[in-house]
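Secondary and tertiary structure notes
Listed below are the residues making up each chain.
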Amino acid sequence: MKKIIKDILINAINHTYPNSEFIGLIEVQNVTAKNVEADFFSNISMKLAKQLKENPMHIAQEITKNISKIDDIQVDIVKPGYINFIVHDKEKNNVISIINNSNDLLGHCKTDDKLKINVEFVSANPTGPLHVGHGRGVIYGNIIAKFLKIQGHNVTKEYYVNDHGNQIRKLCLSVFSHIDELYAKSEDDLYQGEYTKEIAVLIKKNNIELPVIPKTSDHLIDIPEDTRNFIVKNMVDRIKTQLNNLNIKFDNWFYETSLFDEKSKYKPDHLIQKLEKSGNLHNDGTNAIMLKAEEPRVLVKSDGTYTYFATDLAYHHLKMEEYDVVIDVWGADHHGYIPRMEAGLIALGHKTDKLDIHLIQFANLYRDGEKISMSTRKGEYVELNELGDEIGNDAINFFYLTKNKDQHLDFDLNVAINQNKNNPVFYIQYAHARIEKILTEVGRYQDKEYDLQSLDNKLEKDLISTLMNFNEVATKTIMKLQPHLMTHFLLKLAQDFHSYYANIKILNQDEIDYSKIHLIAAVQKVIKCGLDLLNINSPKVM
RNA sequence: GCGUCUGUAGCUCAGUUGGAUAGAGCAUUAGCUUCCGAAGCUAAAGGUCAGAAGUUCGAAUCUUCUCAGGCGCUCCA
């Protein structure tokens, strides 16, 4: 509809101001102001006023003179120079049939340029279970990967498992400390979570080899590889189970250690050689190896071990070579790390416009008004699934998706649990269930006679206008990766429906008005489509 | 100090590439059940869009400055 109006305007302006370059300035927008009786408007005459040095009202009149009369659209001029369009109900009501006859309401959200995209998200260290602090990144990463898939891209969802660094060693020692306290002797801040005890029990039960405790404390404890792998596997399995409970599946679990495989092309030492050849290493006279950047960044420490950055750079080097677009979903605390990563990739000859880093702002967690900090190390955390058990996956999804990722948000656990019944997601689902009830009562309605033009009640008109916006909202949500737009649309639609339902009797005993049935069927179809898009269930009964 | 994200109703958040009188939910107040599901509906009340200046016909939206908050500035991961 918008496009049709735009074409009309283009035509008219071509006539009014031939050979002009004004076409590019034309935009048609939805009317959102409540007091304005119109569906769409254009501000083109105000824009032209400046260039033509004429009164915008006058320009609008000149343009509208050249708009050919169309049956279903009324054109108005309103000061200071808006050109408003009112679409007649007959035309609008067609949206109901369009929706009900569509096989794929999201069919228009397709890209012309299919790309191979890697979306890496969560990637929490396997040193503890996923907790509520990870929730936002989990849900966000999963949903944008879904949107990209709908667009038609070839998407790989990837979890990067940091199973190589010092923190894994600490994890192992934390586990061993429950078997023999001597393991904890030379270590401070070990992991305190319950799971370390559980794994210790498994180690004993399965007779897994324990490391030898060295006689003198200057010898490091040497952890057998199989034992280490056993512990890491157990942790990763726990995380997988948690994600499974949220219905999230990854396509690829990439282990940091695999970069060090003999056959790996992307071994960090190859990386260093490459950087050295291209003259990108910085030497400050110490034993450390550094990358030249806005500030030198350490790749290999003086003791010969790699930094996290070195292996992460190798990993990104790999992704950049294998994919057209590389997306990272990171917590906002990593933002200072971006220039380093970009500098590294540029030094390796990559174009960083392929790299798209989505920063997610932190969710501050409260319990009864008091801030709680999540610390895996101290064993202070609320597991993501505990929250899921309390309020359900639908509420979790909806909660996180309602907010823009750049918005800092506050989350009070107890309030969330207590107010769960008021969660807006149920309001939407309730609309779906109510419609379901009516539709089953009505039975088969598709082949009955109906007249959409009879829908002329104010509430029906509102409902239909909202339905008309679905296409645009869906496009924006999916193409611009903004899930919160859809959550707000669904709330508005549910609201319009509940209002309609409460005020207008849809099922009349004497005779059924099948146009109303088609209307609510369209509403239900759109709600279901929107909820599916957000990974939320559409229950038929609640 | 530098970088970065944010500041909209009592609370939690929307607000489209700058458009018309600022939008929801929760909380508060007052109403609504012989009738399709009250997880609902109808209203009321609630705002100096942090503050100031600027650009513009027009600013919550863009620019600059100030104030306030989160996060980051490791040979940590």
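These numbers were taken from a predicted model, which means no experiment stands behind them.

**A look at the nonpolar core**
If you look at the biggest cluster of nonpolar residues, it comprises 114 residues, and the most contacted ones within it are Tyr-159 and Phe-411. Examining the composition of this core, we find that 12 residues originate from one element, helix α18 (residues 514-533), more than from any other. Residue contributions to this core reach at least three from each of two domains, namely domain 2 (121-248 + 361-417) and domain 3 (424-533). For Phe-411, the contacting residues outside a window of four places in its chain are Val-132, Asn-364, Leu-365, Tyr-366, Leu-387, Phe-399, Tyr-400 and Ala-416. Core analysis: the next-biggest nonpolar cluster, separate from the first, contains 30 residues, Tyr-160, Leu-299, Ala-310 and Ala-314 among them.

**So, the packing of aromatic side chains**
Evaluated as defined, the whole model comprises 17 aromatic pairs. Summarising the aromatic geometry, the rings of Phe-309 and Tyr-337 are spaced 6.0 Å apart at their centres and angled 85° between planes, so their arrangement reads as edge-to-face. Here Tyr-337 lies in the loop between β11 (325-331) and α11 (338-347) and Phe-309 lies in helix α10 (residues 308-322), a separation of 28 residues in the sequence. The class of Phe-309 is buried, set by a relative accessible area of 3%. For Tyr-337, a relative accessible area of 11% gives the class buried. Through a chain of ring-to-ring contacts, three or more aromatic side chains come together here, namely Phe-121, Tyr-159, Phe-250 and Trp-253. A cation over an aromatic ring shows up here: Lys-116 above the ring of Tyr-323, its NZ or CZ 5.0 Å from the ring centre. The ring of Trp-253 carries the charged tip of Lys-240 above its face, separated from the ring centre by 4.8 Å.

**Looking at the sheet that holds strand β8 (residues 281-282)**
With antiparallel pairing, the three strands of this open sheet are ordered in space as β8-β9-β10. Looking at the sheet topology across the chains shown, the edges are occupied by β8 and β10 (297-300). As paired elements, strand β9 (residues 289-291) and β10 share three bridges and run antiparallel to each other. From the neighbouring strand, Met-290 faces β10, where its bridge partner is Val-298. The strands that α10 touches are β9 and β10; relative to β10, the one it contacts most, it runs at about 80°.

**Examining the layout of surface pockets**
The computed volume of the largest pocket comes to approximately 1,300 Å³. Along the walls of the largest pocket sit 31 residues, with Val-31, Thr-32, Ala-38, Ser-465 and Asn-469 positioned nearest its centre. Of all the secondary-structure elements, those providing two or more residues to the lining of the largest pocket are β1 (28-30), β4 (82-87), α4 (89-101), α16 (458-479) and α17 (483-503). A total of 10 residues in the lining of the largest pocket trace back to one element, the largest contributor, which is α16. Looking at the lining of the largest pocket, its residues break down into 11 nonpolar, seven polar and 13 charged. If you count residues domain by domain, the lining of the largest pocket takes at least three from each of domain 1 (2-87) and domain 3 (424-533). What the second largest pocket holds in volume is close to 1,000 Å³. Together, 38 residues line the second largest pocket, and His-134, Gly-331, Asp-333, His-334 and Phe-362 are the ones closest to its centre. Those elements giving two or more residues to the lining of the second largest pocket turn out to be α5 (135-151), α10, β11, β13 (363-367) and β14 (370-372).

**Concerning the side chain of Asn-385**
One can find Asn-385 in helix α12 (residues 384-391). Ignoring sequence-local partners within four residues, the contact set of Asn-385 consists of Gln-242 and Asn-245.

**Focus: unusual backbone geometry**
Look at Val-122: it is not a glycine, yet its phi comes out positive at around 60°. Looking at where Val-122 falls in the secondary structure, it is placed in the loop between β5 (116-120) and α5. Assessed through its relative accessible area of 18%, Val-122 is described here as buried. Even without a glycine there, the phi angle at Asn-247 is positive, about 65°.

**Side note on the environment of Leu-171**
Relative to the helices and strands, Leu-171 is located in helix α6 (residues 166-176). The exposure class assigned to Leu-171 is buried, which follows from its relative accessible area of 0%. If near-sequence neighbours (up to four positions away) are discounted, Leu-171 is found in contact with Pro-126, Thr-127, Tyr-191, Tyr-195, Thr-196, Ile-231 and Met-235.

**Describing the protein's contact with RNA strand B**
Taken together, 60 residues sit near RNA strand B, with Gln-167, His-335, Tyr-430, Lys-437 and Tyr-501 positioned nearest. Counting only atoms of RNA strand B within 4 Å of the protein, the sugar-phosphate share comes to 57%. In this structure, Asn-43 approaches RNA strand B through a side-chain N or O atom, which is 2.5 Å from a base nitrogen. Between RNA strand B and Asn-125 there is a distance of 2.7 Å, counted from a sugar or linking oxygen to a side-chain nitrogen or oxygen.

**A closer look at the confidence of the model for chain A**
Looking at chain A, the pLDDT average stands at 91 and 99% of residues meet or exceed 70. At the level of individual helices and strands, chain A shows its lowest average pLDDT in β14, which scores 77, and its highest in strand β6 (residues 154-161), which scores 98. Interface confidence in the predicted complex, given as ipTM, is 0.94; pTM for the same model is 0.94.

**Focus: the domain arrangement of chain A**
Along its sequence, chain A is organised into domain 1 (2-87), domain 2 (121-248 + 361-417) and domain 3 (424-533). The C-alpha centroid of domain 2 is placed 56 Å from the C-alpha centroid of domain 1.

**Some details on the packing of helix α7 (residues 194-205) against helix α8 (residues 225-245)**
Following both chains from N to C, one finds α7 and α8 inclined at 130°, their axes separated by 11 Å at the closest point. Compared by their axis directions, α7 and α8 come out oblique. For the pair α7 and α8, the crossing hand works out as right-handed. Contact with α7, carried on its side by Tyr-195, Glu-198, Ile-199, Leu-202 and Ile-203, involves Thr-227, Phe-230, Ile-231, Asn-234, Met-235 and Arg-238 of α8 and no other residues of that element. Grouping the constituent residues of the contact of α7 with α8 by class yields seven nonpolar, two polar and two charged.

About the cut-offs
Numbers given for residues are sequential positions, taken from 1 along each chain in its written order. Whichever chain is written first becomes A and whichever ligand is written first becomes 1, with later ones labelled in order. Confidence filtering applies because this is a predicted model: local features only for residues at pLDDT of at least 70, side-chain atom pairs given and counted only at 80 or more, and all residues used for totals across whole chains, interfaces and linings. Derived side-chain values reflect all non-hydrogen atoms in the structure, with water molecules and hydrogen atoms excluded from consideration. Residues belong to one nonpolar core when they are buried, are Ala, Val, Leu, Ile, Met, Phe, Trp, Tyr or Cys, and are joined through side-chain atoms within 4.5 Å. Burial classes: relative accessible area under 20% of the type maximum marks a residue as buried, over 50% as exposed, and values in between as partly exposed (1.4 Å probe, protein chains only). Helical segments are the DSSP runs of H or I of at least four residues, strand segments are the runs of E of at least two, and each set is numbered from the N terminus. The split of the chain into domains comes from an automatic or database domain assignment. The contact criterion used throughout is that any non-hydrogen atoms of two residues lie within 4.5 Å. Between 30 and 60 degrees the pair is tilted, below 30 it is stacked and above 60 it is edge-to-face, where a pair is any two Phe, Tyr or Trp rings, Trp via its six-membered ring, whose centres lie within 6.5 Å. Charge over a ring is defined by NZ of Lys or CZ of Arg lying within 6 Å of the ring centre and within 35 degrees of the ring normal. Note: two strands are recorded as paired if DSSP finds a minimum of 2 bridges between them. Axis lines are fitted through C-alpha atoms, for helices just across the contact stretch, and the angle between N-to-C directions can take any value from 0 to 180 degrees. A cavity, in this analysis, means grid points on a 1 Å lattice covering only the protein atoms where a 1.4 Å probe fits yet has no way out; a pocket is instead an open set bounded by protein on both sides within 12 Å along at least five of seven lines, and a residue lines either one if it has an atom within 4 Å of a point. Grid points are joined across faces, edges and corners, and a volume is the space filled by probe spheres set on the points. Residues are grouped as follows: Ala, Val, Leu, Ile, Met, Phe, Trp, Tyr, Cys and Pro are nonpolar; Asp, Glu, Lys and Arg are charged; all remaining types, including Gly, are polar. Throughout, near means a residue has at least one heavy atom within 4 Å of the molecule or strand. Two N or O atoms form a polar contact when they lie within 3.5 Å of each other; inside protein one atom must be a possible hydrogen donor and the other a possible acceptor, and for residues adjacent in sequence the pair counts only when both atoms belong to side chains. Confidence of the predictor at the level of single residues is given by pLDDT, which spans 0 to 100. Note that the term roughly parallel is reserved for angles under 35 degrees, roughly antiparallel for angles over 145, roughly perpendicular for angles of 65 to 115, and oblique for everything else. Two helices that cross are described as forming a left-handed crossing if the nearer one is turned anticlockwise from the farther one by less than a right angle, and a right-handed crossing if clockwise.

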